[in-house]
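If you want the building blocks of each chain, they are given just below.
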Amino acid sequence: MPNHPSEPALLSVHGLGFSRNDEAIFSGLDFTVARGEALLVQGGNGVGKTTLLRVLAGLLPADSGELRMDGGDLDHARRAAAFAYLGHLPGHKGDLTATENLEVSCGLLGRRPGRGIEPALDLVGLAGYDDQLARHLSAGQKKRLSLARLWLSPAPLWLLDEPYANLDLDGIELVNRLIRGHLDDGGAALVTTHGAYAAPPVRTRQLLMERAA
Amino acid sequence: MPNHPSEPALLSVHGLGFSRNDEAIFSGLDFTVARGEALLVQGGNGVGKTTLLRVLAGLLPADSGELRMDGGDLDHARRAAAFAYLGHLPGHKGDLTATENLEVSCGLLGRRPGRGIEPALDLVGLAGYDDQLARHLSAGQKKRLSLARLWLSPAPLWLLDEPYANLDLDGIELVNRLIRGHLDDGGAALVTTHGAYAAPPVRTRQLLMERAA
Amino acid sequence: MHPLVRWFHQLGSPPYFDRFAARWAPWCHGIGVAVMAVALWLALFRVPADYQQGDAFRILYVHVPMAWMSMAVYLGMAIYAAIALVWRIKLAEILAMACAPIGALYTAVTLATGSIWGKPMWGTWWDWDPRLTTELLLLFLYLGVIGLYAAIEDRRQAARAAGFLAVVGVVLLPIIKFSVTWWNSLHQGSTISLTGPSHMDASMQLPLWLMVAGIHVWFVGALLARARADNLRREAGKSWITETA
Amino acid sequence: MIAAAIRAMLLRDLRLLWRKRGDALQPVLFALLVVVLFALGIDTHSGAMAQAAPAVIWLAALLSGLLALDALFRGDAEDGSLEQWLLSPQPLAVLVAVRVFTHWMTTALPIILVSPLLGELLHLPHAQLPMLVASLLLGTPLLSLIGAVVAALTVGIRRAGALLALIALPLYVPVLVFGAGSVVAAAQGLDASGALLILAAMLALSLVVAPVVAAIALRIGWR
Amino acid sequence: MIAAAIRAMLLRDLRLLWRKRGDALQPVLFALLVVVLFALGIDTHSGAMAQAAPAVIWLAALLSGLLALDALFRGDAEDGSLEQWLLSPQPLAVLVAVRVFTHWMTTALPIILVSPLLGELLHLPHAQLPMLVASLLLGTPLLSLIGAVVAALTVGIRRAGALLALIALPLYVPVLVFGAGSVVAAAQGLDASGALLILAAMLALSLVVAPVVAAIALRIGWR
Amino acid sequence: MNYHGYVIAAYAIFVLAILWDWLAPKLQIARARREAKLRGRRDAARKGEARS
Ligand code: HEM
Ligand SMILES: Nc1ncnc2c1ncn2[C@@H]1O[C@H](COP(=O)(O)OP(=O)(O)OP(=O)(O)O)[C@@H](O)[C@H]1O
Ligand SMILES: Nc1ncnc2c1ncn2[C@@H]1O[C@H](COP(=O)(O)OP(=O)(O)OP(=O)(O)O)[C@@H](O)[C@H]1O
Ligand SMILES: [Mg+2]
Ligand SMILES: [Mg+2]
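In this report, we go over the structure that sits alongside the text.

## Some points on the site of ligand 1
Residue and element names in this part refer to chain C. In the region of ligand 1, 19 residues are neighbours, and His63, Trp68, Trp117, Arg131 and Glu135 sit closest. Between ligand 1 and the protein, one listed contact pairs an oxygen atom with a side-chain N or O atom of Trp68 at 3.0 Å. Note that an oxygen atom of ligand 1 is positioned 3.5 Å from one of the side-chain N or O atoms of Arg131. Along the lines of polarity and charge, the residues of the shell around ligand 1 split into 11 nonpolar, six polar and two charged.

Set out below in structure tokens:
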């Protein structure tokens, strides 16, 4: 595994806080994510897991705190190149086919060298659905399409918000396989889950969130 | 219990079918619901439980089949007076308070004699929230407000679509208490659930739905 | 720390600002009203009637200060909004958003008093004169800022979006003014022109300047009061409110 | 029983109106903006503006009503209130009629109230003002009633805005022709009472028919 | 790299346009309806109609663009595409520019193409037609660019329709004044090239500035 | 040439506006206070409920 203790963590977070209407959702969060490692973000409903991921992705402005990547500052350009985000919204156009949707995201987000759209569709179990319009895919298949986008992206850090939702057992196994492969390639992942039912079988750490007082 | 085997069932359904875009969601359904009894509608995701309840409520037009109530025909007016429906949409105006929302529904749906808005709010655990705007209630509290509306309505047959969703253990207990009380008063209920985890402790029958071929 | 810098930091703390505003707003209101009352009394009863316009010109003493204020308040709002956008100072957000309803009110008064003045002077309540048109559009800009601020749930995001609009508006105001002027000068033969008393007697000027000074002081009071209300609303869940109540 | 339902609906809408009183200004502001934009696009001193004034004011009222039309049932559809109406033992047409009435009160009435101002902005001759107000008073409820049918039909469609406009506008044509036409006729010194009478007759008819039709359309349109 | 992004966005929008080609007709139909309604409301033989024609055609183009404005970013916001843009390493302003360009092509360009027809309907003198088309060609992209800023600011608001209009219209005024004004000037025999030049200058400026401003606004407006 | 009606109308509008400018924040502050108090009461009730 390409992880050395001396090397600075891929992402380190100090004193991160976010509030809505002056009520703290969370504050003073500290954690690090190293290459080859997955961080499981756990906590009950409405505790702020999604919010944390969106703050990290830069979709919401943090109130306080500092993010560092590989020991250096994290500006917008570096963040965009380093983070891949899988949220609640699928981000596909219903009137484009699966392949066309992936073409768009490769154009916008870039593509990891050596990876292609067809292998991606095969990998996530959508072989044969390449020219189906995205709006005719079932919820689980849409999720798989998002996973294909993730696999194609060159970003080393994956931010996954409830990747297991909507998926059957087969799909859960797929997510775990993708995460394992990504970590083996020297990537890292931040994963939120409700329950303990589906921790990926890799080196993980946990971040347990609780409701702010 | 006011249930006599000789008395015709509150609702009896024969050969009910519904299809979307010429694909049958279900067809040839037969079942009865008697007073003092709850019918549990069970089945996997997307099997058509919600659709069935909406067809029964008259929100969707049935393709085929016959509904009879207390042995007589079921026209629109009788249906409206006899059925109370709790669906996925809360049906509250976010800019009205809890009390005001219940006032509106009592005006539209009628009110069971001897029941009042304040006792209803107490019953569902919303005492003290009477003057809070509905949009400031949490998801679970909104569900409780819907339950209060149900309790106030004079209809003998309750159609409950996943009444346990969004609720904590306390809330699940509340739903069971409400159903039990309603059946004891000679009412009946049709309840959909995903799992077997929360069957109300009353005389129940089950309707297991399966995906149409 | 420099005492001024420290004071500014203190002012940013919601409870401190609440006390500060509660303390100073009545003073501003009182002084403003007193000065304006003197000015209005002078304007109504001391200043002689105009030889051309008769008594109608007395409208000037409410119309002109309000017109000036309507623009000055917009500028102030934009400046606060720019500060809030760049440095993310919450107090600046609150002050910017407190400016909007006040400015809209003053703009509306300008329009109303101007119209009332226009009827006897020009024979019409309204004409598409550049100055009038831009004033009307200024009202719309204010209303847009207010509407945007009200439409977004998160107060800070709302303030940033509305503040952004205010800043964009300040860039566009000169363009609007210029374009409307161009549009109006397109066709000559305009029978009406906006002409006030070109040279005013000193005795006629005094009430005007008093009025202008008074309305400025009053505005500070109104700004503090409105900002205080917004500040309280944002802090609704905090303990200090119920403690001070 | 039905009186209780009407009372509940009315009270509900009035309360909602009060809680969202800022939104109630939007239709009238939009109408004002249409008038302003028209005035800015035309040579204001040519006299054409005054001649076009009734048409523009009618157009402004119509378009702003059209913009507000989508909100007639959509809010209630999205939060589930509409389902409760459909399930209520009360006649749906009555509930629809109440809803349309409050909607008219919040969208069209403010425009009628400011129509003298709009007329002034466009230099509408004062003599034509009573006719304009009268035609708006008779015509805008008609627009709301016709619009209700269209809004009901499209309530199940997610972003119906433009489609709604396309379906509604042709239906609005007769109202506009008699409404604005009556003002034009009056301006030419012709007798305009005929146009007003026709408007009144159409209004009386739709008061009875439109809520029923809209109620049927709602049952079709909602899922 | 950035070329690939632009290509991907363009291809995407064109494909979507083709799959939903029925929707592309809506703006032009709306403009047509505005013109027809105006014509129905005015005394067609008085000559006022022809005088008002440039203003009305401009108004129609502007209002129909306004109605379509809400769709500029909302579809992408609701299905999550917008989040992908925000997270993309590509400059957001470029993506916004591409989006605005295709939006203009589908909403404004069809109206420009039918503007001779609209002019004919309103008895616009033929001599004024070239001026009208030229002003629309320069002005409508400006409207789209300015509108993009407003649409970006309101993208997080659920039902922004009327608010969007309220915010956008004051910002549209300069475009309308120079656009419709140039036609009026030409009609009076004045030199209108100045107005067109100013429009062109504003367009050049906004082509550079507006996408950047809209990109900032998007980051503020989205959640 | 006296236009008393116009002058009085203009001044009345001015005075009313100033009055409103003074009154509106007062009302807002009172309402914010009231809501904060209601909220405090509710929070207390909720905490009490959770404890029991
Ligand atoms: C609806 C009608 C009117 C509106 C919206 C209006 C608006 C304004 C505005 C915005 C200003 C400030 C302009 C500046 O300082 O650049 C102003 C100033 C002024 N207005 Fe009006 N006005 C209206 C009618 C009138 C009328 C009818 C008169 C007198 C016959 C008048 C006399 C003045 C005077 C004397 C000034 C101060 C001149 C100056 O500072 O240069 N206004 N008005
Ligand atoms: N758009 C929003 N506006 C206002 N409040 C919000 C919004 N989104 C979330 N919240 C609130 O912020 C808190 C945290 O929400 P968040 O979605 O981050 O929770 P979560 O941990 O992801 O929950 P879940 O397990 O249900 O996904 C919740 O209390 C929620 O009510
Ligand atoms: N509005 C709709 N348009 C088209 N198809 C729909 C619609 N609603 C439901 N369906 C389809 O009808 C089928 C039955 O849906 P239904 O919602 O009744 O399932 P369900 O048993 O309630 O599922 P769940 O347990 O997830 O609630 C599903 O296959 C679904 O995809
Ligand atoms: Mg979440
Ligand atoms: Mg269901």
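## Some points on the interface of chain A and chain E
The interface is formed by 25 residues belonging to chain A together with 29 residues belonging to chain E. The contact between chain A and chain E buries some 2400 Å² in all, and 59% of this surface belongs to carbon and sulfur atoms. Three residues, Leu89, Lys93 and Leu108 of chain A, lead the burial of chain A against chain E; their summed loss comes to 27% of the area buried on that side. At the junction of chain A and chain E, the tally comes to six salt bridges. The salt bridge involving Arg19 of chain E is made with Glu100 of chain A; its shortest N-O contact spans 2.9 Å. Applying the counting rule to chain A against chain E returns 10 residue pairs in polar contact (both at pLDDT 80 or more). The set of elements that each furnish at least two residues to the side of chain A that touches chain E consists of α1 (49-57), α2 (76-82) and α3 (98-109) of chain A. Here the side of chain A that touches chain E gets six residues from one element, more than from any other, and that element is α3 of chain A. By residue class, the composition of the side of chain A that touches chain E is 13 nonpolar, six polar and six charged.

## Some thoughts on the sheet that holds strand β3 (residues 38-42) of chain B
Residue and element names in this part refer to chain B. Read across the open sheet, the five strands follow the order β6-β7-β8-β3-β9; overall the sheet is parallel. Every other strand in the sheet has two partners, leaving β6 (83-86) and β9 (204-208) as the edge strands with one partner each. Ignoring which end each strand starts from, the neighbouring axes of this sheet average 15 degrees apart. In this sheet, strand β8 (residues 188-193) lies alongside strand β7 (residues 157-161) in parallel orientation, the contact comprising five bridges. Opposite Leu157, over in β8, you have Ala188 as the bridge partner. Across the sheet, helix α1 (residues 49-57) is in contact with β3, β6, β7, β8 and β9; its angle to β7 comes to roughly 150 degrees.

## Here's the deal with the packing of helix α6 (residues 92-121) of chain D against helix α7 (residues 129-153) of chain D
Residues and elements named next belong to chain D. Between α6 and α7, whose axes approach to 10 Å, the crossing angle comes to 155 degrees. Classified by the angle between their axes, α6 and α7 sit roughly antiparallel to one another. Every pair of crossing elements has a handedness; the one defined by α6 and α7 is right-handed. Note on element contacts: α7 touches α6 through Leu129, Val133, Leu136, Leu137, Thr140, Pro141, Ser144, Leu145 and Ala148, opposite Val100, Trp104, Ala108, Ile112, Ser115 and Pro116. Along the lines of polarity and charge, the residues of the contact of α6 with α7 split into 12 nonpolar, three polar and no charged.

The rules we used
Residues numbered from 1 in each chain as written. Chains lettered and ligands numbered in written order. Predicted model: local features only at pLDDT ≥ 70, side-chain atom pairs only at ≥ 80, totals over all residues. Heavy atoms only, no water. Near = heavy atom within 4 Å. Polar contact = N/O pair within 3.5 Å; in protein donor to acceptor, adjacent residues only side chain to side chain. Nonpolar A, V, L, I, M, F, W, Y, C, P; charged D, E, K, R; others polar. Contact = heavy atoms within 4.5 Å. Buried area = accessible area lost by both parts, 1.4 Å probe. Salt bridge = Lys/Arg side-chain N within 4 Å of Asp/Glu carboxyl O. Helix = DSSP H or I, 4+ residues; strand = E, 2+ residues; numbered from the N terminus. Pairing = 2+ DSSP bridges. Axes fitted to C-alpha atoms, helices over the stretch in contact; angles between N-to-C directions. Parallel < 35°, antiparallel > 145°, perpendicular 65-115°, else oblique. Left-handed = near helix turned anticlockwise from the far one by under 90°.

Interpretation in functional terms is not warranted from these geometric data alone.
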